[in-house]
Amino acid sequence: MSDVKRRVLSIQSHVVHGYVGNKSATFPLQVLGFEVDAINSVQFSNHTGYNVVKGQILNETELDELFCGLESNNLLQCYSHLLTGYIGDVSFLRKIAEIVKKLRSEESKIIYVCDPVLGDNGEMYVPAELLPIYQTVIVPLADIVTPNQYEAELLAGMKISTESDVWKAVDWFHEKGVDIVAISSSDFGQRGELRTFLSKRNGPRFALNIPKQGTSISFTGTGDLFASLFLAHSYRKHPDQLGYVLERTVATLQAVIKRTIAEIPEAMLSGKEAPNYSQCELKLIQSKADIENPQVVLKAEQIK
């Protein structure tokens, strides 16, 4: 694939310390052969789980200025992909829609991968006003979406209580025009497992059970990592290989989490000590080999 254009314009959050947003997505994409041009929707000292967060928020005017610089230098046709993640402002999100349309006018084959970062575990952590814009404006522009279960519920406007509901929600995305839907995590695995789902419009569907790795600590940046890995592995793959794409994505994600857990003190893992967020940051650099060559153990099941 060395002769294939592989350059991602990635618009999402950035932290100085740790791995979320663009910090979680850029390194894996680069390791897998993609150039990454990053625009940071926010630039924070660290993720918001820490006691103190300092930094700046990019507004839609500043986003437009950066994008106009790319356009003025005739760089828009360079991109094979647009990747978006955390966005916390209505006007900024509307500007994303303009950017998608402009990129497509310059490069019709560009693939838009939307990770609709809205919340998790029943809690929204962006303003509620963003939801209808995602539903009516952003999702219909996306080629690939990678929501978690809660985000899929919000977007599809339905409670997902059964696996049948999962596919109903997936169909909502397909009806909006999305080609590939990857539900990055759900509660429908067996005991001690998560379950991820994958569907191509008018094509195959897959599910894969993911063992929960034994800790009560919640890791940040895993959704951002999932989206970037899925983007990389899905590029130029035949639809029949989508199960393979999901397997490789999950294999790397599991390896990164396992390596991260291995370096966390036992007292913290057992709950005897409060989490030290710095020690819980994803061990991405140490997982370079697992990004380059994932060791697939968990197999995707094709759903009839």
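Residues numbered from 1 in each chain as written. Predicted model: local features only at pLDDT ≥ 70, side-chain atom pairs only at ≥ 80, totals over all residues. Heavy atoms only, no water.

- The chain appears in an unreviewed UniProt entry as Pyridoxal kinase from Glossina pallidipes.
- Its UniProt record, at the heading Sequence similarities (unreviewed entry), says of the chain: "Belongs to the pyridoxine kinase family." (UniProt positions renumbered as here; feature names shortened; annotations may be inferred.)

## Things to note about the overall build of the chain
Link 1 in the chain: Scanning the chain from N- to C-terminus turns up ten helices and twelve strands.
Link 2 in the chain: With the C-alpha coordinates of the chain rotated into their principal frame, the extents come out at 55 × 50 × 40 Å.
Link 3 in the chain: Residues classed as buried in the chain amount to 52% of the 304 residues present.
Link 4 in the chain: Here the contacts in the chain between residues at least 6 apart in sequence split such that 71% fall between residues at least 24 apart. (Helix = DSSP H or I, 4+ residues; strand = E, 2+ residues; numbered from the N terminus. Buried < 20%, exposed > 50% of the residue type's maximum accessible area, 1.4 Å probe, protein only. Contact = heavy atoms within 4.5 Å.)

## Some words on the pattern of salt bridges
Link 1 in the chain: This model, assessed by the stated rule, comprises 13 salt bridges.
Link 2 in the chain: A salt bridge links Asp37 to Arg7; its shortest N-O distance comes to 3.0 Å. In this pair, Asp37 sits in strand β2 (residues 35-44) while Arg7 sits in strand β1 (residues 7-15), placing the two residues 30 residues apart along the sequence.
Link 3 in the chain: Classification of Asp37 as partly exposed rests on a relative accessible area of 23%.
Link 4 in the chain: When its relative accessible area of 25% is taken as the criterion, Arg7 is described as partly exposed.
Link 5 in the chain: The salt bridge partner of Asp290 is Arg259, with a shortest N-O separation of 2.6 Å. Of the two residues, Asp290 sits in helix α10 (residues 288-292) while Arg259 sits in helix α8 (residues 242-262), which places them 31 residues apart along the sequence.
Link 6 in the chain: Look at the salt bridges and you will find they share partners, linking Asp64, Lys95 and Glu98 into a network. (Salt bridge = Lys/Arg side-chain N within 4 Å of Asp/Glu carboxyl O.)

## A closer look at the packing of aromatic side chains
Link 1 in the chain: With the rule as written, the count across this model stands at five aromatic pairs.
Link 2 in the chain: On the numbers, 4.9 Å between centres and 85° between planes, the contact of Trp172 with Phe173 is edge-to-face.
Link 3 in the chain: Among the residues examined, Trp172 registers a relative accessible area of 17% and is labelled buried.
Link 4 in the chain: A residue is classified by how much of its surface remains accessible, and Phe173, at 0% relative accessible area, is buried.
Link 5 in the chain: In this structure, Arg6 is placed above the aromatic ring of Phe34, and the distance from its NZ or CZ to the ring centre is 5.5 Å.
Link 6 in the chain: The aromatic ring of Tyr19 is capped on one face by Lys23, whose charged end is 5.2 Å from the ring centroid. (Phe/Tyr/Trp six-rings, centres within 6.5 Å; stacked < 30°, edge-to-face > 60°. Lys NZ or Arg CZ within 6 Å of the ring centre and 35° of its normal.)

## Details of the packing of helix α3 (residues 90-106) against helix α4 (residues 130-138)
Link 1 in the chain: For the pair α3 and α4, the least separation of the axes is 10 Å and the interaxial angle reads 10°. Judged on the interaxial angle alone, α4 and α3 are roughly parallel. Of the residues in α4, those touching α3 at Val90, Leu93, Arg94, Ile96 and Ala97 are Leu130, Ile133, Tyr134, Val137 and Ile138.
Link 2 in the chain: Along the lines of polarity and charge, the residues of the contact of α3 with α4 split into nine nonpolar, no polar and one charged. (Axes fitted to C-alpha atoms, helices over the stretch in contact; angles between N-to-C directions. Parallel < 35°, antiparallel > 145°, perpendicular 65-115°, else oblique. Nonpolar A, V, L, I, M, F, W, Y, C, P; charged D, E, K, R; others polar.)

## Section: empty space enclosed by the protein
Link 1 in the chain: One pass over the structure, following the stated rule, counts one cavity of 30 Å³ or more.
Link 2 in the chain: Lining the largest cavity we find His47, Ser218, Phe219, Thr220, Tyr277, Cys280 and Glu281.
Link 3 in the chain: The residue makeup of the lining of the largest cavity, split by class, is three nonpolar, three polar and one charged. (1 Å grid on protein atoms, 1.4 Å probe; cavity = no way out; pocket = protein on both sides within 12 Å on 5 of 7 lines; lining within 4 Å. Points joined across faces, edges and corners; volume = space filled by probe spheres on them.)

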